[in-house]
Amino acid sequence: MKPPSPPVDPARGTRAIRAYNRMLWWLRGRDPRESREIEDDAERLLDSARARGRSAWAATWLALLWDLMIVGTAQDLARALRSLVRAPGFTLTVALLLGLGVAATTTLFALVNAVVLKPLPYAEPERLVMLWESNVPQKRLLEGPSPGNVDDWATNNDAFEALTSWWTVAATLRGRDGSAPVTGVQVTKGFFEVFRRAPLLGRTFADDEYIGRPSIASGLTGGQEPVLVLSHRLWQSLGADPALVGETIYVEGRNWRVLGVMPADFAVPDTGAGFWTPWDIREAYRGPRFPDGPPRDFRFLRAVARVKRNLSHQAAAERMETLAARIAADHPRTNAGWSVRLVPLGEELVRSSRTELLLVLGAVFGLLLLVAANVASLAIARRTARARETAIRFALGAGGTRIVREHLAETALCAGLTALVAIALTALSLGSAIAFAPSDIPRLHEVELNVSVVSFAIALALLATIIGVGLPGLRGSSTVIASALKDGAPVSGQHASRVRHALVVAEIGVTVVLLVGAGLLARSFARLQRVDPGFDVRNLLVLRIAPDVTRYPGAELRTHYYARVLDSLRELPGVASVAAVTVLPMSTIGSDFYRPYWVEGEGPGPNAPPVADVRMATPGYFGTTGIPIVSGREFSAQDGLGSPLVVIVNESLARAAWNGADPVGRTLILDYQGTPSSRQVVGVVRDARYKGPRSAPAPEIFIPHAQNPYLVMNVVVRTRTDPGALARTARAQALTVDPDQPVHSVTTMERLLDDTLQQDRFAMLFVALFAGAGLVTAATGVYALLAFTVAQRRREIAVRMAIGASSSSVARLVVMESLTLAVVGCVVGGVGVAGVSQLAQSILFGITPHDPLTLVTTAILLLAVVLAASWLPARRAARINPVSAMRI
Amino acid sequence: MSDRPRSVDHLLPLKPKVLHTLLALADGPRHGYGIMQEVAVRSDGQVRLWPAAMYGTLRELEELDWIAETDQRPSDDDERRRYFALTALGKRMLSSEVRRLEAIVSHARGSRALRKPERA
């Protein structure tokens, strides 16, 4: 039983009732009789509650207030809904315009959120660092560590709990229905410990399972059964059967035991990873080819480590630098000048995409601002149109608060509607954004419509609606009464007019920035497309063949196999010539070998010798691709295993090694396959841009395939007709030689070239899309403003015309106003362009951010559009009939 | 025009607050405060109506012609208050709803759902 409560101050009840009454007056106040009854009842309820004690009284009072608020709000909302339904044009325009803008921004936010903001899906991700080798004097700041150094780091560091490294290898998976390319990641000990992720199914590798495992490409197993852990994606494509764990799959000509499956969001190094296998660096670099163990001067691996608990990144970096200095002292030939650099993994992953994403987010946010400004413009016009109605209601005794409250309810409804439209559109656009975005944006697969994205959409919808609908309507609902009730007088004051002008100027300014951005990107893209790749990309069909290492173990077998495949392809009608090479220009398939070389007689020198890309090619490769031979000859069938070792070099290498003198007949030492060997230069070919138009040519050395019969080759076919039409036949024809050997990735060279421009095209299209939208928005903004001004100044114009102004001078008045807007907007936009030019610089190709042609074209386009938008209002002004306009 | 009253079943079920309001008026006219009290007493405090919402309901019911303001005032008259009584239509609504609920309850009794466990 409760103790008797203390007597309640009677004044308290009165005060509470007074508060209640005030709220009642605020929120309802419709029927005085009903109001009095509500008031009386509330008082009685409070009185009877007071007898039951203080807490009962408080509960009752709260319940009464809640009741009042719900009813009052529902009334406001109902009234607001009615007024919005009565103006469906306005409501729909607002919801669609703002919804589009919000959806676009939210889509980008979802991308940025997943890629840049969201923490990595690993335990304590802030402790993960990426390790790079860095040589400041040589300006090689972020090089993937070499196997020898990584091995040293892993064994001797005192900064990390675990350190792992990996290398990705293109492999071929063979299933029942043909073969497919997969990416295998060979990882060193500690890989799953560094990332601290448990598998979805099965298990990862035990420590002793790493020992004695050579690389995937070696075709060896170290005497043990090959094992791997599948990525979620590859597991899905294999049928997503949990029973696959423990079974084997057939990759690179061998059966591999599947130990486990990783979760879907585990994507190291990226979503392309198909499986992980254990790798023992020391085992991979053993034997006579590597007398000093794993090499220290081929820097190509990737390494990540988990910093020890309670150790700052700074301290870890210092410890690693000490270790690197010690290694450099022990191995001066390979490591002099080389230190180590730690980059937090979170930063590392987004380094490449951050600029693009932020650029695009900026563009989208600019669009949203435009849209909100236009909606504000609409809302002001609507308020002006309703000013008389409001004023009359006000004069008839509707409370000012009631009008404000209804406006708030209207804003809230618009915001809700906008949010709904935005969320629906975002859900639609997220799917297509993922499909269109460049595939190398890291963590793109994590993009989804989750709670934070939906909350963002709602918050943004609210913000946009407040800017577009809320603020413009709030001002001066009472100040306009007097003037509104005066017949025909302008209802909008100086202030509103100035705000509208500022809005339109801002719209034009933002559009200028977007247009300049789109123009620059388009010009840059056009330049990229015009870049001469160094060979003839038309009518080239490419296909990749990855034979089983078990079936073709020896050099003779491989040479013979490829000779037969190329011959069979030559027989096809429409084929002009055929050749094969380890790495094709523009192709991401196949691995380059970076190997040191020097000119005979000069020796490797005290410093690390320069490196070149080493590729194996069959006779006729240069003729087939159309890479011109500048000097000397092409490989021939005579360049076989028994004949003298020969190479063909490109112009870059000739320049670097012989200062541009013709090197044909000279001898080059190539440190390849363990021991340096002399090879005679028999030809020089023109430079080609192997990695796409943006890439600069690099020194290259070509070896006859017969003298080093590499197993996995890219076959290139010069056709006389459309190469795409030949794709199916060519693949079938290649399979006739040995139906068991996988032939895949059949495509055309033009497609490959196109793919290298994917990012540039994406950026260009995106910004162009928004620039177009911005232009339309700015044009509507200008139109709305001028149309409004003309309507407002109707009487003034009529007076001018009555005292002799001509139609054309009136029209000129309107056009001049639009031109002023455009010029001021261009100046504002120019400032914006200067602001973002730094950001744009990094993604432009062969063009400066201040490209005069782009700037002038933008200005002309903008003026033209603004003039077009002012045409209708100007004509309307010119056609005003002074007599009818001045009649009231 | 048909003599037979049209079926009102398509308006059922009634919202709980409407049902409670109609029920409170079933025994005779009451004023607003009376309705609130009656509902609270009958439902043993489980259902409470609050004034702002309740007068809104009363207005709606009046517009529907289910209740009407009445001059029949009890002896302890409070002259400032409006008294409400069920109209014929209101009575029909109430009895249709009660019949509907009865059917549900008897169905539930017949099924196993409401049988009390042996050891209750």
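Quick caveat, the model's predicted, so the values are computed rather than measured. (Residues numbered from 1 in each chain as written. Chains lettered and ligands numbered in written order. Predicted model: local features only at pLDDT ≥ 70, side-chain atom pairs only at ≥ 80, totals over all residues. Heavy atoms only, no water.)

Draft legend 1. Structural detail: the overall build of chain A. Broken down by element type, chain A carries 26 helices and 22 strands. Buried positions account for 50% of the 888 residues belonging to chain A. For chain A, the proportion of contacts with a sequence separation of at least 24, taken over those separated by at least 6, is 80%. Within the structure as shown, chain A displays about 39600 Å² of accessible surface, and the carbon and sulfur contribution to it stands at 60%. (Helix = DSSP H or I, 4+ residues; strand = E, 2+ residues; numbered from the N terminus. Buried < 20%, exposed > 50% of the residue type's maximum accessible area, 1.4 Å probe, protein only. Contact = heavy atoms within 4.5 Å. Areas by Shrake-Rupley, 256 points an atom, 1.4 Å probe, with all protein chains shown as cover.)

Draft legend 2. Main features of helix α23 (residues 794-802) of chain A. Residues and elements named next belong to chain A. Listing the buried residues of α23 in full gives I797, A798 and M801. Each buried residue of α23 lies within a common arc of 100° when the element is viewed along its axis, so the set occupies one face. Just downstream of α23 lies G804, where phi reads positive at about 115°. (Arc of directions from axis to C-beta.)

Draft legend 3. Representation of the interface of chain A and chain B. Between chain A and chain B, the contact holds 21 residues from the first and 17 residues from the second. Summing both sides of the interface, chain A and chain B together bury roughly 1800 Å²; the carbon and sulfur share of this comes to 48%. Ranking the residues of chain A by area buried against chain B places E37, D41 and R44 of chain A at the top, with a combined share of 31%. Scanning the region where chain A abuts chain B turns up 2 salt bridges. (Buried area = accessible area lost by both parts, 1.4 Å probe. Salt bridge = Lys/Arg side-chain N within 4 Å of Asp/Glu carboxyl O.)

Draft legend 4. Inspection of the packing of helix α24 (residues 807-841) of chain A against helix α25 (residues 852-878) of chain A at higher detail. Residue and element names in this part refer to chain A. Taken N-terminus to C-terminus, the directions of α24 and α25 make an angle of 150°; their axes are 8 Å apart at the nearest point. When the axis of α24 is compared with that of α25, the two are roughly antiparallel. Along this stretch, α24 crosses α25, giving a crossing that reads as right-handed. Where α24 approaches α25, its residues S807, V810, A811, V814, V815, S818, L819, A822, C826 and V833 are matched on the opposing element by L855, L862, L863, V866, L867, S870, P873, A874, A877 and A878. (Axes fitted to C-alpha atoms, helices over the stretch in contact; angles between N-to-C directions. Parallel < 35°, antiparallel > 145°, perpendicular 65-115°, else oblique. Left-handed = near helix turned anticlockwise from the far one by under 90°.)

Draft legend 5. Here's a closer look at the sheet that holds strand β1 (residues 30-31) of chain B. Residue and element names in this part refer to chain B. Taking strand neighbours across the sheet as the criterion, the 3 strands line up as β1-β3-β2 in an open arrangement whose pairing is antiparallel. Looking at which strands have only one partner, the edges of the open sheet turn out to be β1 and β2 (67-70). As paired strands, β2 and strand β3 (residues 83-86) are joined by 4 bridges and run antiparallel to one another. Note on β3: the bridge partner recorded for E69 is F84. Its contacts with the sheet put helix α1 (residues 16-25) on β1, β2 and β3, and the angle it makes with β3 is roughly 95°. (Pairing = 2+ DSSP bridges.)

Draft legend 6. Expanded view of the packing of helix α2 (residues 32-51) of chain A against helix α2 (residues 32-42) of chain B. Where α2 of chain A meets α2 of chain B, the closest approach of the two axes is 10 Å, and the angle between their N-to-C directions is 40°. Looking at the two axes, α2 of chain A sits oblique to α2 of chain B. Note that α2 of chain A runs across α2 of chain B; the crossing there is right-handed. Judged by residue contacts, D41, R44, L45 and S48 of chain A of α2 of chain A engage G32, Y33 and M36 of chain B from α2 of chain B. Counted by class, the contact of α2 of chain A with α2 of chain B contains 3 nonpolar, 2 polar and 2 charged residues. (Nonpolar A, V, L, I, M, F, W, Y, C, P; charged D, E, K, R; others polar.)

Draft legend 7. Structural view of the packing of aromatic side chains. All names here are of chain A. In total, this model carries 23 aromatic pairs over all chains according to the counting rule given. Ring geometry for W167 versus F300: centroids 4.9 Å apart, planes at 85°, classification edge-to-face. Here the residue W167 occupies a position in strand β3 (residues 160-175), and F300 occupies one in the loop between α8 (281-284) and β10 (302-307), the gap between them amounting to 133 residues. Judged by relative accessible area, W167 falls into the partly exposed class, the value being 28%. Residues Y621 and F622 carry aromatic rings whose centres are separated by 5.1 Å and whose planes lie at 65° to one another, so their mutual orientation is edge-to-face. Across the pair, F622 and Y621 agree in class, each one buried. Within the aromatic cluster, the residues linked to one another by ring pairs are Y122, W166, F191, F192, F195, F205, Y210, F266 and W276. Stacked on the ring of W338, the Lys or Arg R299 has its end atom at 3.6 Å from the ring centre. Cation over ring: R595 sits above F298, and NZ or CZ is 4.7 Å from the ring centre. (Phe/Tyr/Trp six-rings, centres within 6.5 Å; stacked < 30°, edge-to-face > 60°. Lys NZ or Arg CZ within 6 Å of the ring centre and 35° of its normal.)

Draft legend 8. Region of interest: α2 of chain A. All names here are of chain A. The end-to-end C-alpha separation of α2 is 29 Å, in line with the 28 Å expected for 20 residues at 1.5 Å each. Within α2, burial applies to E34, S35, E37, I38, D40, D41, A42, L45, L46 and A49. Directly after α2, the chain includes G53, whose backbone phi takes a positive value near 115°. (Expected span 1.5 Å × (residues − 1).)

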